[in-house]
Amino acid sequence: SSPSWGTFTCHAGERDGEPCDPIDLDFCGAEGICGTDPVNSVACIGFGPGDAGVGLQTAPLSGIQKTAATFEFAPNVYREAPLKGVVLWNSHAFNLTEQRGKLDAWLNFEFAPPEEQGIPVVQIFNAAEIFKMRAPAFSTDEPCSFEVLPANAHLFELSSHGHQRMKRWRTFMGAFRCENGPAAGQACSPMGYDFDSRDVCQGARCVSLVRPRVGDCDGNGDVTVDELLAGVNLALGRGKYSDCREVDGNSDRSVTVDEVIVAVTAALQGVPPPQERDPEESLLYVSTIYNDPVVLRFEPELVMPRGGGAQRRDERTLTFCALYDNGFTDPSKVKLASFSPSPPVNFPGIGGPCDEDAQRCAAGKVGEACTGRSPVTRDRSCDTASGSGDGSCDACPLVGGVTTEDEMLLLLGQYYVP
């Protein structure tokens, strides 16, 4: 009933154009639908009443990246949805054909009885640096970012989202940062940079530290007698694994005598200092198809450590990186100003056609800077020879945006905290 939706009228059918009540599903007839006129908006931002709370970092009620998908939660975990309301649908779809089409969507719910509503699920929808990529024309870029999970979070699903020039996504366990130098502390790729991507650390090392699992159950930096007893009980098959996961040194969900001996040594001599993570062993997730990304489910769940402090925070941090190719491996795939639609609204940081001073030669002298003031002279400046007419000043840097010609860096996933 909010006036911010606009005026509801019948669209199509025998009552086309007549005012209608959207709750009366039969008023517009079998061929009509009661709705308001569409408006241009990025992801429905600014549309509808303020209590919708829609923004670039708003986790959706639901979302899929393929024709159909099923969302499965861990046992005794559930998600809440409003009993009554209006669904703001950001279709985020694109049509690659020459013909107009109709997009239908169905959302099916399975309702959990009260006895199954144990722990609410938490969605990962990390859009904090969604437009971080900067790939010059005929070059590549691999930005990275962080997702910090809460203590004792049980991660059971990871996925990703990017657009057509996103060629590889990798998510690592741990906070991988530039060790020192001008970019000290910034998120970085622990496996280095491929193709023409800039080295974020500018020669410095990209490292992450992790404290060995030696029986420090509460993560306070010491191993106590009570914690040793908890480890012994687990080795004897008694107690719950969640009582002291930290005594399980190799994370195989069983405790051996050797692991108990390691815990005793830590109690007597102190917990060993943090060690550098192995990037290969820390790699959790890889996806290489932008429009059908991997949905990785952890069985059993990946449990984050308990305890506070900066080190424990880093140990429950995910580092995620995505590689974008703006015509480096195939120059014909470079982003073109003439083929990049303007954003639906003028929104800071969102892409579209690049400015003239950022354009490069897309044909002729491929990759060189264009010169001249008019489009004709700028195209001519790209000719391989005077008067050859084979030049085109059209190539653009790849930046973030909401169309398929621009890019996104968006980490997705789900977890719960018992």
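Throughout what follows, the structure given in this document is the object of discussion. In this text, all values refer to a predicted model and were calculated from it rather than measured experimentally.

Looking only at helices and strands, one finds five helices and 19 strands in the protein. The buried share among the 418 residues of the protein stands at 38%. Contacts in the protein between residues far apart in sequence, at least 24 positions, make up 73% of those at least 6 positions apart. Approximately 23300 Å² of the protein is accessible, and the part contributed by carbon and sulfur atoms is 52%. One finds the centroid of the 34 positive side-chain charges in the protein at a distance of 4 Å from the centroid of its 58 negative side-chain charges.

With that out of the way, let us pick up the state of the cysteines. Throughout the structure, instances matching the rule amount to eight disulfides. Disulfide partner of Cys-188: Cys-206, at an S-S distance of 2.0 Å. Looking down the S-S bond of the Cys-188 and Cys-206 bridge, the torsion is 95°, so its handedness is right-handed. Within this pair, whereas Cys-188 is found in the loop between β10 (177-178) and β11 (206-207), its partner Cys-206 is found in strand β11, the two being separated by 18 residues in sequence. Covalent S-S linkage joins Cys-361 and Cys-382, the inter-sulfur distance amounting to 2.0 Å. Torsion about the S-S bond of the Cys-361 and Cys-382 cystine: about -85°, corresponding to left-handed handedness. In this pair, Cys-361 is assigned in strand β17 (residues 360-363) and Cys-382 in the loop between α5 (375-380) and β18 (392-395), connecting sequence segments 21 residues apart.

Below, the discussion takes up the nonpolar core. Counting residues in each nonpolar core, the largest one holds 22 residues, and the members touching the most others are Leu-149, Leu-155 and Trp-169. Broken down by secondary-structure element, the contributors of at least two residues to this core are β8 (154-161), β9 (166-173), β16 (317-326) and β19 (410-416). The element that contributes the greatest number of residues to this core is β16, accounting for four residues. Not counting residues up to four positions away in its chain, the partners in contact with Trp-169 are Ser-160, His-161, Tyr-285, Val-286, Ser-287, Phe-320, Cys-321, Ala-322, Leu-409, Leu-410 and Leu-411.

The next subject is the packing of aromatic side chains. Evaluation of the coordinates by the stated rule reveals six aromatic pairs. Taken together, a centroid distance of 6.2 Å and an interplanar angle of 45° make the contact between Phe-156 and Tyr-416 tilted. Separated by 260 residues along the polypeptide, Phe-156 in strand β8 and Tyr-416 in strand β19 bring together distant segments of the chain. The cationic tip of Arg-15 hangs over the ring face of Phe-27; the distance from NZ or CZ to the ring centre is 4.2 Å.

Turning our eyes to something else, we now look at helix α2 (residues 257-269). Compared with an ideal rise of 1.5 Å per residue, which puts 13 residues at 18 Å, α2 spans 18 Å between its outermost C-alpha atoms and is within 8% of the ideal. In this fold, the buried residues of α2 make contact with α1 (225-235). In the stretch just after α2, Gly-270 is the one whose phi turns positive, near 100°.

Turning next to the sheet that holds strand β5 (residues 122-126). One open sheet holds the four strands; their spatial order is β5-β19-β8-β15, and the pairing between them is antiparallel. Two strands lie at the open edges of the sheet, namely β5 and β15 (296-303), each paired on one side alone. Neighbouring strand axes in the sheet, compared pairwise and without regard to direction, differ in orientation by 25° on average. Pairing of β8 with β15, which is carried by four bridges, proceeds in the antiparallel orientation. Among the inter-strand pairings, Leu-155 is bridged to a residue of β15, identified as Leu-302.

Moving on to a nonpolar patch on the surface. On the surface, Leu-61, Val-87, Trp-89, Leu-103, Leu-107, Phe-109 and Phe-111 cluster together to form a nonpolar patch covering roughly 780 Å² of accessible area. Residue position: Trp-89 is located in the loop between β3 (77-78) and β4 (119-120).

Contact geometry of α1 with α2 gives a least axis separation of 10 Å together with a crossing angle of 175°. It follows from the interaxial angle that α1 and α2 lie roughly antiparallel. Of the residues in α2, those touching α1 at Leu-228, Gly-231, Val-232 and Ala-235 are Val-260, Ala-263, Val-264 and Ala-267. Grouping the amino acids of the contact of α1 with α2 by side-chain chemistry returns seven nonpolar, one polar and no charged.

Rules of the game
Residues numbered from 1 in each chain as written. Predicted model: local features only at pLDDT ≥ 70, side-chain atom pairs only at ≥ 80, totals over all residues. Heavy atoms only, no water. Helix = DSSP H or I, 4+ residues; strand = E, 2+ residues; numbered from the N terminus. Buried < 20%, exposed > 50% of the residue type's maximum accessible area, 1.4 Å probe, protein only. Contact = heavy atoms within 4.5 Å. Areas by Shrake-Rupley, 256 points an atom, 1.4 Å probe, with all protein chains shown as cover. Lys, Arg positive; Asp, Glu negative; His and termini not counted. Charge placed at Lys NZ, Arg CZ, Asp CG, Glu CD. Disulfide = S-S within 2.5 Å. Core = buried A, V, L, I, M, F, W, Y, C linked by side-chain atoms within 4.5 Å. Phe/Tyr/Trp six-rings, centres within 6.5 Å; stacked < 30°, edge-to-face > 60°. Lys NZ or Arg CZ within 6 Å of the ring centre and 35° of its normal. Expected span 1.5 Å × (residues − 1). Pairing = 2+ DSSP bridges. Axes fitted to C-alpha atoms, helices over the stretch in contact; angles between N-to-C directions. Patch = residues over 30% accessible without salt bridge, like charges linked within 9 Å, V, L, I, M, F, W, Y side chains within 5 Å. Salt bridge = Lys/Arg side-chain N within 4 Å of Asp/Glu carboxyl O. Parallel < 35°, antiparallel > 145°, perpendicular 65-115°, else oblique. Nonpolar A, V, L, I, M, F, W, Y, C, P; charged D, E, K, R; others polar.

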